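# Observations on the model geometry
Read off the chains here:
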Amino acid sequence: TTTDEITLTVVVKNIGNAGSRSCQLEIKAGGEGRSPRYLVPVLAPNRAHTVRRTLTLPITQTYRSTATIDVDSRNTESDERNNQEMLDFTVRSGV
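Residues numbered from 1 in each chain as written. Predicted model: local features only at pLDDT ≥ 70, side-chain atom pairs only at ≥ 80, totals over all residues. Heavy atoms only, no water.

### Topic: the overall build of the protein chain
- Helix and strand counts for the protein chain stand at 0 helices and 6 strands.
- For the protein chain, the N- to C-terminal ordering of α and β elements is β-β-β-β-β-β.
- Principal axes of the C-alpha set define a box for the protein chain whose edges measure 50 × 20 × 20 Å.
- A total of 95 residues make up the protein chain; the buried ones form 32% of that total.
- Across the protein chain, the fraction of contacts at a sequence separation of at least 24, relative to all contacts at a separation of at least 6, is 67%.
- Roughly 6400 Å² of accessible area belongs to the protein chain as shown, and the carbon and sulfur atoms make up 46% of that amount. (Helix = DSSP H or I, 4+ residues; strand = E, 2+ residues; numbered from the N terminus. Buried < 20%, exposed > 50% of the residue type's maximum accessible area, 1.4 Å probe, protein only. Contact = heavy atoms within 4.5 Å. Areas by Shrake-Rupley, 256 points an atom, 1.4 Å probe, with all protein chains shown as cover.)

### Comments concerning the environment of I6
- Its place among the elements puts I6 in strand β1 (residues 6–13).
- Between the C-alpha atom of I6 and that of R53, which follows or precedes it by 47 residues, the distance is 8.1 Å.
- Once residues within four sequence positions are removed from consideration, I6 is found in contact with R53, T54, L55, L57, F89 and V91.

### Quick look at the sheet that holds strand β2 (residues 23–29)
- The 4 strands are arranged β3-β2-β5-β6 in an open sheet whose pairing can be described as antiparallel. Strand pairing shows two members of the sheet lacking a second neighbour, β3 (37–40) and β6 (84–91), which therefore form its edges. Shown here is a sheet whose adjacent strand axes are inclined to one another by a mean of 20 degrees, direction ignored.
- As judged from the 4 bridges shared by β2 and β3, these two strands associate in the antiparallel manner. Note on β3: the bridge partner recorded for L25 is Y38. (Pairing = 2+ DSSP bridges. Axes fitted to C-alpha atoms, helices over the stretch in contact; angles between N-to-C directions.)

### With respect to the nonpolar core
- L8, V12, L25, V40, L57 and F89 are the most contacted members of the largest nonpolar core, which has 18 residues in total.
- Where this core is concerned, the elements lending two or more residues are β1, β2, β4 (48–55), β5 (61–69) and β6.
- Beyond its immediate stretch of four places on either side in the chain, L8 contacts I27, A29, V51, R52, R53, L55, S65 and F89. (Core = buried A, V, L, I, M, F, W, Y, C linked by side-chain atoms within 4.5 Å.)

### Quick notes on the packing of aromatic side chains
- Applying the stated criterion across every chain yields a total of 1 aromatic pair.
- With a centroid separation of 5.8 Å and an interplanar angle of 20 degrees, the aromatic rings of Y63 and F89 are classed as stacked. Of the two residues, Y63 is situated in strand β5 and F89 in strand β6; the sequence distance between them amounts to 26 residues. Of the two residues, Y63 and F89, both sit in the buried class. (Phe/Tyr/Trp six-rings, centres within 6.5 Å; stacked < 30°, edge-to-face > 60°.)

Structure representation (structure tokens):
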């Protein structure tokens, strides 16, 4: 609700055959301009790293959360199309 803290949890997994360099993960909620970035460490193949962002959204509406990994394109990848995921959710009145 508009009075509750919301936790957005993102699991980043290296599904490639080689290790990845450390990079930045951006987690947006709604139409934010600048969103916080989180450091994702070096990941060996098949390894994962979890990041959690906590926030309160004071307006009753549907939001789109967008998680984008490797925002600055530090990693050379065979498929750049799998670096972003979106999820829609609705915040209801807390009254």
